[in-house]
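Summary of the model geometry
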Amino acid sequence: MGGRTSEGDLATVTTLRASVMRLARRLRHQRVEHTLSSTEMQVLATLSRTGPATPGELARQEHVQPPSMTRIIALLEDKGLVRREPHPQDRRQVLVIATEPAAEILEQSRRLRDAWLADLVGKLTDEEWELVRSAAPVLERLAQL
């Protein structure tokens, strides 16, 4: 399968990009903890998904510079949402681990976002909902590429 280069394909790509970005922005606003920045929430989500990580690993995963990640970790640690532990194989390193309160915030935020999105898709027609259901695995694949 080649690139999508026809005028119609490029228009579809543009519409997809803009729609995904608007929906993501609206979803980010649906959260239970408003004292955390989007970046702090993303770091907690990454730790939840991947498990303990070094600050350097987190910086790479989140595409930020290591000094920025060090500040983010310090803020999260001050809020009791992460803790640092010695790295089991490299004593020069530390592992950053999400705490139980962080897991609770993430779970509550996920439930809130799911409920918000379920309410939104409830406004679709049956035909539109079937299209969304069919597209969901493809969108997931795009997110993983």
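Going by an unreviewed UniProt entry, the protein chain carries the name MarR family winged helix-turn-helix transcriptional regulator and comes from Nocardia jiangxiensis.

A few words on the overall build of the protein chain. The helix and strand tally for the protein chain stands at six helices and two strands. Along the protein chain, helices (α) and strands (β) appear in the sequence α-α-α-α-β-β-α-α when read from the amino end. Relative to its length of 145 residues, the protein chain is extended, with a C-alpha radius of gyration of 19 Å against a globular reference of 15 Å. On the principal axes, the C-alpha backbone points of the protein chain span a range of 55 × 35 × 20 Å. Split into buried and exposed, the 145 residues of the protein chain put 23% on the buried side.

With respect to the secondary-structure elements, Thr 54 resides in the loop between helix H2 (38-50) and helix H3 (55-62). Thr 54 sits in the buried class, given a relative accessible area of 8%. Those residues in contact with Thr 54 that lie beyond four places of it in its chain are His 87, Gln 93, Val 94 and Leu 95.

Attention now goes to the UniProt feature "domain: HTH marR-type" (unreviewed entry) in the protein chain. Here, UniProt's "domain: HTH marR-type" (unreviewed entry) annotation points to residues 13-144. In this annotation, residues 13-144 is assigned 69% helix and 8% strand; the end-to-end C-alpha distance for the span is 17 Å.

This paragraph deals with the layout of surface pockets. Roughly 2000 Å³ of volume is contained in the largest pocket. Taken together, 43 residues line the largest pocket, and the ones lying closest to its centre are Val 20, Leu 23, Leu 27, Leu 139 and Ala 143. Those elements that place two or more of their residues in the lining of the largest pocket are helix H1 (7-28), H2, helix H5 (100-121) and helix H6 (126-144). Of the residues assigned to the lining of the largest pocket, the class counts are 23 nonpolar, eight polar and twelve charged.

Quick look at the packing of H2 against H5 now. Put simply, H2 and H5 touch, their axes get as near as 10 Å, and they point 100° apart. By the angle between their directions, the pair H2 and H5 is classed as roughly perpendicular. Facing H2, whose interface residues are Met 41, Leu 44, Ala 45 and Ser 48, H5 presents Ala 102, Ile 105, Leu 106, Ser 109 and Arg 110. Along the lines of polarity and charge, the residues of the contact of H2 with H5 split into six nonpolar, two polar and one charged.

Relative to each other, H2 and helix H4 (residues 66-78) sit at 85°, their axes nearing to 10 Å. Accordingly, the angle class assigned to the pair H2 and H4 is roughly perpendicular. Residues Thr 39, Glu 40, Val 43 and Leu 44 of H2 form the contact with H4, whose own contacting residues are Met 69, Ile 72, Leu 75 and Leu 76. Class assignment for the residues of the contact of H2 with H4 results in six nonpolar, one polar and one charged.

The next point concerns H4. Taking 1.5 Å as the rise per residue, H4 with 13 residues should run 18 Å; its terminal C-alpha atoms sit 18 Å apart, in good agreement. The complete set of buried residues in H4 reads Met 69, Ile 72, Ile 73 and Leu 76. Each buried residue of H4 lies within a common arc of 100° when the element is viewed along its axis, so the set occupies one face. In H4, the exposed positions that point more than 90 degrees away from the buried face belong to Arg 71 and Asp 78.

Parameters and conventions
- Residues numbered from 1 in each chain as written.
- Predicted model: local features only at pLDDT ≥ 70, side-chain atom pairs only at ≥ 80, totals over all residues.
- Heavy atoms only, no water.
- Helix = DSSP H or I, 4+ residues; strand = E, 2+ residues; numbered from the N terminus.
- Rg over C-alpha atoms; globule rule 2.2 N^0.38 Å.
- Buried < 20%, exposed > 50% of the residue type's maximum accessible area, 1.4 Å probe, protein only.
- Contact = heavy atoms within 4.5 Å.
- UniProt positions renumbered as here; feature names shortened; annotations may be inferred.
- 1 Å grid on protein atoms, 1.4 Å probe; cavity = no way out; pocket = protein on both sides within 12 Å on 5 of 7 lines; lining within 4 Å.
- Points joined across faces, edges and corners; volume = space filled by probe spheres on them.
- Nonpolar A, V, L, I, M, F, W, Y, C, P; charged D, E, K, R; others polar.
- Axes fitted to C-alpha atoms, helices over the stretch in contact; angles between N-to-C directions.
- Parallel < 35°, antiparallel > 145°, perpendicular 65-115°, else oblique.
- Expected span 1.5 Å × (residues − 1).
- Arc of directions from axis to C-beta.

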